[in-house]
Amino acid sequence: MLKDIYKQIEKYDNIVIARHIGVDPDALASQLALRDSIRKTFPNKKVLAVGSSSVKFNYFPKLDKTEELENALLIVVDTPDKKRIDISNFGNFKYYVKMDHHPFIEKFADIEYIDDEASSASEIIYRFINSTDLILDEEVAKTLFLGIVSDTNRFLNSSTSNTFAVVTDMLERFNLNLPELYSNIFMRPLSEIRLQGYIAENMNVTENGLASIKITNDTMIKYGVDVGSAGNLVNNFNYIEEVIVWVTVSEDVKNNLIKLNIRSRGPIINHIAEKYNGGGHRFASGARVSSMAEADSLIEELDEVCKNYIEKLGDNGEN
Ligand code: AMP
């Protein structure tokens with residue numbers, strides 16, 4: 001199937017690469033690296049990487065402005081469903097390709113390459129570029145390294161032998177300055193660290209191992225952080241003995257909604273997130289709700305999932 005995707009890239013002179021709304025480093029890295037590799041391989045093609053940007057990620061190459069291209073191929077990376085594609089003119093393309101590592105939700109492309117065992121979309125794009133005649137140079141490898149390290153949270157999550165093989169290949173072939181790359185992704189202002197302390201102090205932990213924290217707009221103002229940074233802190237609460245699922249609930253007054261970031265180190269959570277205008281991976285999901293009552297209901301369901309999980313472990317004699 002990867003060969004078929006490559007043939008489509010060869011065939012089309014105009015190519016647009018999109019990814020999901022709520023931009024994150026893996027989504028950005030996979031689309032930008034693919035764009036840059038195609039441009040380097042086929043300098044005469046017009047290749048755009050589109051979607052909203054964020055100053056937080058200005059260590060990546062720049063995105064392009066949306067343009068209407070005639071007779072174009074659309075490649076969507078890191079996005080399982082149509083409604084979450086960050087693009088305004090989805091209907092206007094000649095041919096569609098999806099390359100994703102989320103569990104399947106719906107078919108929206110002519111060719112869909114899905115590997116939900118892959119750590120990240122960046123890992124898939126690296127393997128794709130490596131298995132075709134597309135150019136892989138240091139700049140492309142660097143971008144994809146950032147995507148993989150970020151989406152696996154420094155190889156804590158979802159990393160397989162394929163992930164390490166890809167990273168080993170990158171390090172053997174290219175001169176990657178790891179401290180510099182890590183500081184791009186992980187450097188944070190003191191305000192966030194202080195909010196992390198607040199979360200640690202104030203999170204509610206149930207007897208079933210569900211931790212939750214509500215971060216109100218007032219709290220964000222007090223600590224000087226925005227809603228994206230608040231939700232991102234969910235990644236820093238793994239490996240707490242008493243906690244198997246943890247969730248941050250952040251008030252997003254600008255968009256008049258409440259954002260939930262959910263992580264697990266056991267129970268499967270994405271099917272619950274899907275019921276609340278959300279989704280994601282089995283152990284890393286997100287949801288958007290319109291009231292605290294809805295957020296509470298999601299939290300209750302997560303607690304129930306934790307309870308069932310612990311009971312099952314007990315039945316299997318593992319607890
Ligand atoms: P986050 O907590 O925002 O880092 O998201 C974790 C995972 O859940 C990512 O794979 C996201 O694409 C996915 N996700 C987050 N929010 C949503 C949502 N509202 N709908 C569907 N998937 C989501």
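Keep in mind it's a predicted model, so treat the numbers as computed, not measured.

**Some details on the overall build of the protein**
Okay, so step 1: Within the protein one finds 11 helices and 11 strands.
Okay, so step 2: Computed over C-alpha atoms, the radius of gyration of the protein comes to 20 Å, within 12% of the 20 Å expected from 2.2 N^0.38 for 319 residues, which places it in the range of a compact globule.
Okay, so step 3: C-alpha extents for the protein along the principal axes are approximately 60 × 45 × 40 Å.
Okay, so step 4: With 319 residues in all, the protein has 51% of them scored as buried.
Okay, so step 5: Total accessible area computed for the protein in this model is approximately 15,200 Å², and 47% of it derives from carbon and sulfur atoms.
Okay, so step 6: In the protein, the 35 positive side-chain charges and the 48 negative ones have mean positions that sit 5 Å from each other.

**A short note on unusual backbone geometry**
Okay, so step 1: A positive phi angle, near 60 degrees, is found at R154, a position not held by glycine.
Okay, so step 2: Inspection of the secondary structure assignment puts R154 in the loop between α4 (138-151) and α5 (161-173).

**What to know about the sheet that holds strand β4 (residues 95-100)**
In a beta sheet, neighbouring strands pair by backbone hydrogen bonds and run either parallel or antiparallel.
Okay, so step 1: In space, the five strands of this open sheet follow the order β2-β1-β3-β4-β5, with parallel pairing throughout. A single partner strand is all that each edge strand has here, and the edge strands are β2 (46-49) and β5 (111-114). Geometrically, the sheet is characterised by an average inter-axis angle of 15 degrees between neighbouring strands, direction not taken into account.
Okay, so step 2: In the packing of helix α2 (residues 25-41) onto the sheet, contacts are made with β1 (14-18), β2 and β3 (73-77), and the angle to β2 comes to roughly 170 degrees.

**Overview of the domain arrangement of the protein**
Okay, so step 1: When cut into domains, the protein gives domain 1 (2-186) and domain 2 (190-315).
Okay, so step 2: Taken together, the contact between domain 1 and domain 2 spans eight residues of the former and nine residues of the latter.
Okay, so step 3: With both chains or domains summed, domain 1 and domain 2 bury close to 710 Å², and 47% of this area falls on carbon and sulfur atoms.
Okay, so step 4: In this structure, the connection of domain 1 to domain 2 is made through zero salt bridges.
Okay, so step 5: Viewed at the interface, domain 2 and domain 1 are joined by two residue pairs in polar contact (both at pLDDT 80 or more).

About the criteria used
Counting restarts for each chain, with residues numbered from 1 along the sequence as it is written. A pLDDT threshold of at least 70 governs which residues receive local features in this predicted model, and a stricter bar of 80 or more applies before side-chain atom pairs are shown or counted, although totals over entire chains, interfaces and linings include all residues. Derived side-chain values reflect all non-hydrogen atoms in the structure, with water molecules and hydrogen atoms excluded from consideration. Numbering goes from the N terminus for both helices and strands, where a helix is a DSSP run of H or I of at least four residues and a strand is a run of E of at least two. Note on method: radius of gyration uses C-alpha positions; expected globular size equals 2.2 Å times residues raised to 0.38. In this scheme, a residue with accessible area under 20% of its type's maximum is buried, one over 50% is exposed, and one in between is partly exposed, where area comes from a 1.4 Å probe on protein chains only. Reported accessibility uses the Shrake-Rupley method at a 1.4 Å probe radius. Residues are deemed covered only where the shown protein chains occlude them. A residue counts as positive if it is Lys or Arg and as negative if it is Asp or Glu; His and the chain ends are not included. The atoms used to mark charge sites are NZ of Lys, CZ of Arg, CG of Asp and CD of Glu. Two strands form a pair only when DSSP identifies at least two bridges running between them. Axes here mean lines fitted to C-alpha atoms, for a helix over just the part in contact, with angles spanning 0 to 180 degrees between N-to-C directions. We call two residues contacting when some pair of their heavy atoms lies within 4.5 Å. Domains are outlined according to an automatic or database domain assignment. Summed over both partners, the accessible surface that disappears when two parts come together, traced with a 1.4 Å probe, is what is meant by buried area. Any carboxyl oxygen of Asp or Glu that lies within 4 Å of a side-chain nitrogen of Lys or Arg is treated as forming a salt bridge with it. N or O atoms closer than or at 3.5 Å make up a polar contact, with two conditions inside protein: a donor-capable atom paired with an acceptor-capable one, and, for residues adjacent in sequence, both atoms drawn from side chains.

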